[in-house]
Amino acid sequence: MRTAETNVPAAPIGDPNGATIRFQNVRKSFGQFVAVDGLNLDVQQGQLVALLGKTGCGKSTIFNMISGLTSATEGEVSVMGQNPFERFNWYRGKMAIVFQNDRLLPWRTAVRNVELGLEVLELPKAERKERAMQWLEKLGLKGHEHDYPHALSGGMRQRVSIARAFATDAPLLLCDEPFSALDEITSTRLRTEFARLVRENGKTAVFITHSINEAFDIGDRIIVLRRPAEIAQDIRMSADVGEEERERIREIIRTSLSH
Ligand SMILES: Nc1ncnc2c1ncn2[C@@H]1O[C@H](COP(=O)(O)OP(=O)(O)OP(=O)(O)O)[C@@H](O)[C@H]1O
């Protein structure tokens, strides 16, 4: 595993404060129910952050605020220096999302599904196809470009949705438990490949998970949340963290999650 600071380009897009994602005293409530309470969080460009927490701790709510699907009740959310809820369209081509469900269109082949995000960006047809084919190859799907989703396994479909996200060339990737419905072997392989691609391509990524193992495999930084979405631990991982230290960190995380 590499340190969080590798592959970090000089300055984040449009953000004078130097953070790609910034939450300042963010509160989100649904009626009387407080899902996120006073959250402060900075994600720097080039970081691969695993957001780890038990079910119902508010991970998706945070995710929805980053992606602009919902607004904060109080406080400031800034992504690349803009408010994602107010400037939803500004993020086209700057933010790509991978969901738990692959969300492929069943009537489109793998390559046509990858091209979809590029159609929205209005890229010329030949370039769309070339980019989509390249990303499918990088995701190990050479030979399956013209298969329809129903002919692909769950892992292959999720590979297509990752190719679709990377093909847009968005600097920020948001992933909401994309591998949690897959078997452990497929999931482990995919998350390792995903993390490598994020680093190789200098992306910033937030990866939501409820699995400690997944957070360890993915994150340069592991943020452990407890209800109502407060940060219980903020852990920086690096290549020189030995196995003994990793086990100690796992124990700290388990303890945090059990509260
Ligand atoms: N639209 C909503 N209306 C009312 N309550 C909501 C709404 N969205 C989320 N909540 C509540 O806020 C809390 C946090 O939900 P959230 O989906 O963010 O958690 P999560 O950590 O993503 O859970 P999971 O891992 O199960 O997806 C939960 O108690 C949930 O019931």
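Just so it is clear, the model here is predicted, and its values are computed rather than measured.

1. Notes on the UniProt feature "domain: ABC transporter" (unreviewed entry) in the protein chain
Here the UniProt-annotated "domain: ABC transporter" (unreviewed entry) positions come out as residues 21-252. Here residues 21-252 is 35% helix and 26% strand, with 26 Å between the C-alpha atoms at its ends.

2. A few points about the site of the ligand
Neighbouring residues of the ligand: Phe-30, Phe-33, Ala-35, Lys-54, Thr-55, Gly-56, Cys-57, Gly-58, Lys-59, Ser-60, Thr-61 and Glu-177. Residue Gly-56 places a main-chain N or O atom 2.8 Å away from an oxygen atom belonging to the ligand. Lys-59 is positioned with one of its side-chain polar atoms (N or O) 2.9 Å from an oxygen atom of the ligand. Every element with two or more residues in the shell around the ligand is listed here: β2 (33-44) and α1 (59-66). Here the residues of the shell around the ligand are counted per class, giving four nonpolar, five polar and three charged.

3. So, the packing of helix α4 (residues 154-167) against helix α5 (residues 184-200)
For the pair α4 and α5, the least separation of the axes is 11 Å and the interaxial angle reads 10 degrees. The angle between the axes of α4 and α5 places the two elements in the roughly parallel class. Crossing angle aside, the handedness with which α4 passes α5 is right-handed. Across from Gly-155, Gln-158, Arg-159, Ile-162 and Phe-166 in α4, the residues of α5 making contact are Thr-186, Arg-189, Leu-190, Glu-193, Phe-194, Leu-197 and Val-198. For the contact of α4 with α5, the class distribution of residues is six nonpolar, three polar and three charged.

4. Regarding the sheet that holds strand β8 (residues 221-226)
The strands making up a sheet associate through backbone hydrogen bonding, with each pair oriented either parallel or antiparallel. Spatial strand order, β5-β6-β7-β3-β8-β9: six strands in an open sheet with mixed pairing. Two strands in the sheet have a free side with no partner beyond their single neighbour: β5 (95-98) and β9 (230-236). Sheet twist, expressed as the mean angle between neighbouring strand axes with direction ignored, is 15 degrees. Two elements, β5 and strand β6 (residues 172-176), share four bridges in a ladder whose sense is parallel. Note on β6: the bridge partner recorded for Ile-97 is Leu-174. Set on the sheet, α5 makes contact with β3 (48-52), β6 and β7 (204-209); between it and β3 the angle comes to about 140 degrees.

5. Details of the packing of aromatic side chains
Enumeration according to the criterion identifies seven aromatic pairs in this entry. The interplanar angle of 45 degrees and the centroid separation of 5.8 Å between the aromatic rings of Phe-179 and Phe-207 together place this pair among those described as tilted. With Phe-179 in the loop between β6 and α5 and Phe-207 in strand β7, this residue pair connects regions lying 28 residues apart in the sequence. For the pair formed by Phe-179 and Phe-207, the shared burial category is buried. Taking 5.6 Å as the distance between ring centres and 50 degrees as the angle between the ring planes, the aromatic pair formed by Phe-194 and Phe-207 counts as tilted. Highlighted residues: Phe-194 in helix α5 and Phe-207 in strand β7, separated in sequence by 13 residues. The two residues Phe-194 and Phe-207 agree in class, both being buried. The ring centre of Trp-90 lies 4.1 Å from the NZ or CZ of Lys-94, which sits over that ring. If you follow Arg-103 out to its NZ or CZ, it ends over the ring of Phe-99, 3.7 Å from the centre.

6. Notes on the side chain of Glu-177
Position of Glu-177 among the secondary structure elements: in the loop between β6 and α5. No salt bridge is formed by the buried Glu-177; its nearest oppositely charged neighbour, Lys-59, is found at 4.3 Å. The contacts of Glu-177, once residues within four sequence positions are left out, are Lys-59, Gln-100, Ile-208, Thr-209 and His-210.

Definitions and limits used
- Residues numbered from 1 in each chain as written.
- Predicted model: local features only at pLDDT ≥ 70, side-chain atom pairs only at ≥ 80, totals over all residues.
- Heavy atoms only, no water.
- UniProt positions renumbered as here; feature names shortened; annotations may be inferred.
- Helix = DSSP H or I, 4+ residues; strand = E, 2+ residues; numbered from the N terminus.
- Near = heavy atom within 4 Å.
- Polar contact = N/O pair within 3.5 Å; in protein donor to acceptor, adjacent residues only side chain to side chain.
- Nonpolar A, V, L, I, M, F, W, Y, C, P; charged D, E, K, R; others polar.
- Axes fitted to C-alpha atoms, helices over the stretch in contact; angles between N-to-C directions.
- Parallel < 35°, antiparallel > 145°, perpendicular 65-115°, else oblique.
- Left-handed = near helix turned anticlockwise from the far one by under 90°.
- Contact = heavy atoms within 4.5 Å.
- Pairing = 2+ DSSP bridges.
- Phe/Tyr/Trp six-rings, centres within 6.5 Å; stacked < 30°, edge-to-face > 60°.
- Buried < 20%, exposed > 50% of the residue type's maximum accessible area, 1.4 Å probe, protein only.
- Lys NZ or Arg CZ within 6 Å of the ring centre and 35° of its normal.
- Lys, Arg positive; Asp, Glu negative; His and termini not counted.
- Salt bridge = Lys/Arg side-chain N within 4 Å of Asp/Glu carboxyl O.

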